[in-house]
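Overview (structure and organization)
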Amino acid sequence: MNSLFDRIWWSRLQAMTWKELLQLMRDPVLLVFVLYAFSADIYNAASGVSFQLNNAALVLFDLDRSAASRELAGRFMSPEFRWAGAITHASQGQQLLDDGKAMAVLDIPPGFSDKLARGDTASVQMQIDASNSVQGFLAAVDASQIVARYGLEQTAQRYGVGIGGVGGAGGAVDAPLINNQTRVWFNPNQNDAWFMGISELLNVITLFSLLLPAAAMVREKERGTIEQLLVSPLSPLQIMIPKIVAMVAVILGGTALGLFGILVPVFAVPVAGSLLLFFALTTLYVSTLAGIGILIATMTRNMAQAGMMVILIIAPMMFLSGAWTPPEAMPTIMRLGMYVSPLYYYINASYGILMKGAGFSVLWPMFSGILLIAVMVSLTTIACFKKQFA
Amino acid sequence: MNLRRISVVAYKEWREIVRDRLFFVLAFVVPSLLMLLFGYGLSLDVENIPLAIVDYDQSVSSRDYAHHFSDSRYFSFQGYAQREQDVEKLLVDNSLRAVIIIPPDFGTRLKSGQATTVQTWIDGTFPFRALTAKGYVTAINAAMNLDNLSAHFSALTGIGQETLRNSMQSVKLETRYLYNQEVKSIWSIAPKLIMVILMLSPPFLTALGVVREKESGAIYNVYSSTLSRGEYLIGKLLPYVGISIVNACALTAFALLLFGAPFKGDPLFFLLSTILYVICTTGIGLLVSVMVNTQVAAMVGTAIVTVVPAVLYSGMIIPIPSLSAIASVIAHALPGMYYAEIAMGSFLKGVGIAALWQDMLILALYAIALFTAGFLGFSKRPKN
């Protein structure tokens, strides 16, 4: 008796899941969008973006015109800097900065080499376009390094000592110098493609996990087909679960495409940890977001409302996920908001598995974070659904 | 082109918006709420990086070196660790982002005037943070070296340490940050937020406008009416452009009053450009709506052409010059980049039409191109 009941339950679930998949398959434009997002879009993001200071256009305003000033200027080299010409008047520099044609102007005042020769402190100015504060900061750090090194060499020459390979004729006379060797873990070459590629994959997963189930549900409401489902012998769960299962299947397929079709073969993203764990994590995450999507659908009446709600939820999730903004730098309230966003846990765990090779023993807090949100979401969704339709 | 017919379509669309209470409220609430969330939350300042120190030396000078990092506001000192093995796990589970390892002979080498090597480990998962952290480490280390070297040579030569210090910095770099003197990230973010949010919300307002009528069949009223394609599309767009202009004004007010971003440019020029930009972004939604046949596809398509590029290719977080060829093409193919130039110019740089007319012209051409594409893609005699 019990098993017959079970079988009916399962066969209904199967039929409904198949219905959802068919509905997706029959929208070729939508399928093209899904394929694009999980392949070309990820490729573009991974190949397209770099955080390093690259080719910052530097303009020289040299009023000294000495060997020393040329020597200093010559040290601003690629890849960080790129010479964008010399100017003869201060206002030209301002103009180039205003027009965005230069990122920095190096200004060497007259008497620079004389001061150096006398042993006085000579100064040079640099104006940096800080309208992008991060790039501005990186440019300033690089420039101060270059100038400091130059200054140190001048001093070393005058006193006739070499400083740890820094000056003189390579004569590494000992000096109490601290060499700080930086070792960047998990991504030693600071390959931006790894970060960007994974981050884009996670964003695309997020987008579809929220949008597709919400749309699938709202569509039933808008067309009135939800009434037919409700008078059928299906329970609310049997209406919701197939939508979630179908979308999870599609998104997992897309994830596999993005990972094995683009990220691993093209960009050599190191899958350091267990793939099984990653897909288990993704299933958990996608189901959670699908639950949120269905919740949105129960709260809205039509696709337009649902679309706006999705934007309202997804934009903060992506921007405040902790990938762009260091959580440490966020105000406390925002950080709390971040902790209720499943994407925060998903990002940490995904990078943990894919790049750091972390296992479940390290990542269990992330899994439980998502699971906790999943439980709360599904309870709310079922309650809302019952209230609305029962 | 009949103005009266356009206004009739626009009025009908407007009535529909107003009658859909939740949608109407969301249309105004979503942009402002996003502005508040991003404005307060989206700090790109890298501070309080969790740091641990492994000090194998435990001497006065190693403590002193460690203090320079643990006292810095850029790092948040989590404590000393005994061995390297102890911290490796903490880097994996995100408890730490940086570790400094001081070798056992650190103090003795420095005292005897020899060079020594300290290691810094940085979690490179997020390259953007890793780069900044590396910059901080380098700067702090350089300052320490200056102190140590001047003290050392002063002892050797008998010249005063201060004099030596000065002469070691024989060249000083005076850095002036233009447009954003304090390198406040909110100043550089706020104007771009206007750009991003006007790329996120308005396309979704219009994305379903045409396709909804296709799905419900109401479009046949349009097919059989005397309305021309152009009249219909313009009428559809107008109410959403209106809503988005109101929203743009609200966003600008937030940027100025709440986030204190300075506005140095020409308000009229900025307003005109904003109107053009809003026509472009609402137009993107409308174009998608014309091209697809289901509302789901319209939403997904709009999300793909707006949400992802708004994050990546708008210059919001990653500067356009750092983009590769393909990404740069995508950036140039969307209106966000041009409007970002205008917003930055108007807010921080204080330049106007003389410097930015090209960007404005491109926005205008963009609007025309979108409209033409929509016009050509919309047929009053559909094949099926």
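A brief report on the enclosed structure follows. (Residues numbered from 1 in each chain as written. Chains lettered and ligands numbered in written order. Predicted model: local features only at pLDDT ≥ 70, side-chain atom pairs only at ≥ 80, totals over all residues. Heavy atoms only, no water.)

**Description of the overall build of chain B**
For chain B, the helix and strand inventory stands at 16 helices and five strands. Expected size for 384 residues packed as a compact globule is a radius of gyration near 21 Å; at 29 Å, chain B overshoots this value by more than 25%. Each of the three principal axes of chain B carries a C-alpha extent, and together these read 95 × 45 × 35 Å. Expressed as a percentage of the 384 residues in chain B, the buried residues total 59%. If you take every contact in chain B between residues at least 6 apart in sequence, the share linking residues at least 24 apart comes to 78%. Approximately 14800 Å² of chain B is accessible, and the part contributed by carbon and sulfur atoms is 61%. Here chain B contributes 29 positive and 25 negative side-chain charges, whose respective centroids are spaced 14 Å apart. (Helix = DSSP H or I, 4+ residues; strand = E, 2+ residues; numbered from the N terminus. Rg over C-alpha atoms; globule rule 2.2 N^0.38 Å. Buried < 20%, exposed > 50% of the residue type's maximum accessible area, 1.4 Å probe, protein only. Contact = heavy atoms within 4.5 Å. Areas by Shrake-Rupley, 256 points an atom, 1.4 Å probe, with all protein chains shown as cover. Lys, Arg positive; Asp, Glu negative; His and termini not counted. Charge placed at Lys NZ, Arg CZ, Asp CG, Glu CD.)

**Brief notes about the sheet that holds strand β5 (residues 178-185) of chain A**
Strand order in this open sheet of five strands is β5(A)-β4(B)-β3(B)-β1(B)-β2(B), and the pairing throughout is mixed. Looking along the sheet, the strands with just one partner apiece sit at the ends: β5 of chain A together with β2 (75-81) of chain B. The sheet shows a mean angle of 20 degrees between the axes of neighbouring strands, taken without regard to direction. As judged from the five bridges shared by strand β1 (residues 49-55) of chain B and strand β3 (residues 98-102) of chain B, these two strands associate in the parallel manner. Paired with D55(B) across the strands is I102(B), a residue of β3(B). (Pairing = 2+ DSSP bridges. Axes fitted to C-alpha atoms, helices over the stretch in contact; angles between N-to-C directions.)

**Observations regarding the interface of chain A and chain B**
Interface extent is often summarised as the accessible area lost during association of the parts. Facing the 118 residues of chain A at the interface are 123 residues of chain B. Across the interface of chain A and chain B, roughly 11100 Å² is buried in total on both sides, 68% from carbon and sulfur atoms. Area buried by chain A at its contact with chain B is led by I178(A), M308(A) and F319(A), which between them contribute 8% of it. Counting across the chain A and chain B interface gives three salt bridges. A salt bridge links R223(A) to E215(B), with the shortest nitrogen-to-oxygen separation between them at 3.5 Å. (Buried area = accessible area lost by both parts, 1.4 Å probe. Salt bridge = Lys/Arg side-chain N within 4 Å of Asp/Glu carboxyl O.)

**So, the packing of aromatic side chains**
For the coordinates displayed, the defined rule picks out 35 aromatic pairs over all chains. Ring centres of W185(A) and W121(B) lie 4.6 Å apart, and the angle between their planes is 45 degrees; on these two criteria the pair is classed as tilted. With W185(A) in strand β5 and W121(B) in strand β4 (residues 116-123), the pair connects residues from two separate chains. By relative accessible area, W185(A) is classed as buried at 10%. Using a relative accessible area of 2% as the deciding quantity, one classes W121(B) as buried. Every member of this aromatic cluster is reached through a ring pair, and the members are F137(A), Y65(B), F69(B), Y74(B), F75(B), F106(B) and Y136(B). The ring centre of F375(B) lies 4.3 Å from the NZ or CZ of R229(B), which sits over that ring. (Phe/Tyr/Trp six-rings, centres within 6.5 Å; stacked < 30°, edge-to-face > 60°. Lys NZ or Arg CZ within 6 Å of the ring centre and 35° of its normal.)

**Some details on the pattern of salt bridges**
Pairing of side chains with opposite charge becomes possible as their charged atoms draw close. All names here are of chain B. As enumerated under the stated definition, the model contains 20 salt bridges over all chains in all. Two residues, R212 and E13, come together in a salt bridge whose shortest N-O distance is 3.9 Å. Separated by 199 residues along the polypeptide, R212 in helix α9 (residues 209-216) and E13 in helix α1 (residues 3-19) bring together distant segments of the chain. One salt bridge connects E13 with K236, and the closest N-O pair in it is separated by 2.6 Å. Within this pair, whereas E13 is found in helix α1, its partner K236 is found in helix α11 (residues 229-258), the two being separated by 223 residues in sequence. Given the relative accessible area of 1%, E13 is considered buried. The class of K236 is buried, set by a relative accessible area of 1%. If you follow the salt bridges from partner to partner, you end up with K12, E13, E16, R212, E213 and K236 in one network.

**What about the environment of L210(A)?**
All names here are of chain A. Looking at the secondary structure, you find L210 in helix α8 (residues 192-223). The exposure class of L210 is buried, given its relative accessible area of 0%. Residues within four places of L210 in sequence aside, it is in contact with L289, I292, G293, V310, I313 and I314.

**Some words on the packing of helix α15 (residues 336-349) of chain B against helix α16 (residues 353-377) of chain B**
Helix-helix packing is described using two parameters, namely the angle between the two axes and the distance between the axes. Residue and element names in this part refer to chain B. The N-to-C vectors of α15 and α16 enclose an angle of 140 degrees; their axes lie 9 Å apart at closest approach. In terms of their interaxial angle, α15 and α16 are classed as oblique. Considering only the axes of α15 and α16, their crossing is left-handed. Within the contact between the two elements, α15 uses Y338, Y339, E341, I342 and G345 and α16 uses L356, D359, M360, I362 and L363. For the contact of α15 with α16, the per-class residue count stands at seven nonpolar, one polar and two charged. (Parallel < 35°, antiparallel > 145°, perpendicular 65-115°, else oblique. Left-handed = near helix turned anticlockwise from the far one by under 90°. Nonpolar A, V, L, I, M, F, W, Y, C, P; charged D, E, K, R; others polar.)

**What about the sheet that holds strand β4 (residues 122-129) of chain A?**
Within the open sheet, the five strands sit side by side as β2(A)-β1(A)-β3(A)-β4(A)-β5(B). Their pairing is mixed. Each edge of the sheet is formed by a strand with only one pairing partner; in this case those strands are β2 (81-86) of chain A together with β5 (171-178) of chain B. In this sheet, neighbouring strand axes are inclined to one another by 25 degrees on average, regardless of whether the strands run parallel or antiparallel. Of the pairings in the sheet, the one linking strand β3 (residues 104-108) of chain A to β4(A) comprises four bridges and is antiparallel in character. The residue of β4(A) that forms the bridge with V105(A) is Q127(A).

**Details of the nonpolar core**
If you look at the biggest cluster of nonpolar residues, it comprises 263 residues, and the most contacted ones within it are F112(A), F208(A) and F38(B). Those residues in contact with F208(A) that sit more than four places away from it in its chain are F33(A), V34(A), A37(A), F38(A), P213(A), I251(A), V300(B) and I304(B). Counting residues in each nonpolar core, the second largest holds nine residues, with A115(B), L149(B), F153(B) and L164(B) among its members. (Core = buried A, V, L, I, M, F, W, Y, C linked by side-chain atoms within 4.5 Å.)

**Some details on the packing of α1(B) against α11(B)**
Residue and element names in this part refer to chain B. Axis separation between α1 and α11 bottoms out at 7 Å; the angle between their running directions is 50 degrees. Classed by the angle they form, the pair α1 and α11 counts as oblique. Handedness of the crossing formed by α1 with α11: right-handed. Contacts between α1 and α11 involve R5, I6, V9, A10, E13, W14 and I17 from the first element and E231, Y232, I234, G235, K236, L238, P239, Y240 and I243 from the second. The residue inventory of the contact of α1 with α11, partitioned by class, reads eleven nonpolar, one polar and four charged.

**Quick look at the side chain of K214(B)**
All names here are of chain B. Within the secondary structure, K214 sits in helix α9. We note that K214 is buried and unpaired, the nearest opposite charge coming from E215 at a distance of 10 Å. For K214, the side chain forms a polar contact with the main-chain oxygen of V292, separated by 2.8 Å. If we ignore the near neighbours within four places in the chain, the residues touching K214 are I219, S289, V290, M291, V292 and N293. (Polar contact = N/O pair within 3.5 Å; in protein donor to acceptor, adjacent residues only side chain to side chain.)

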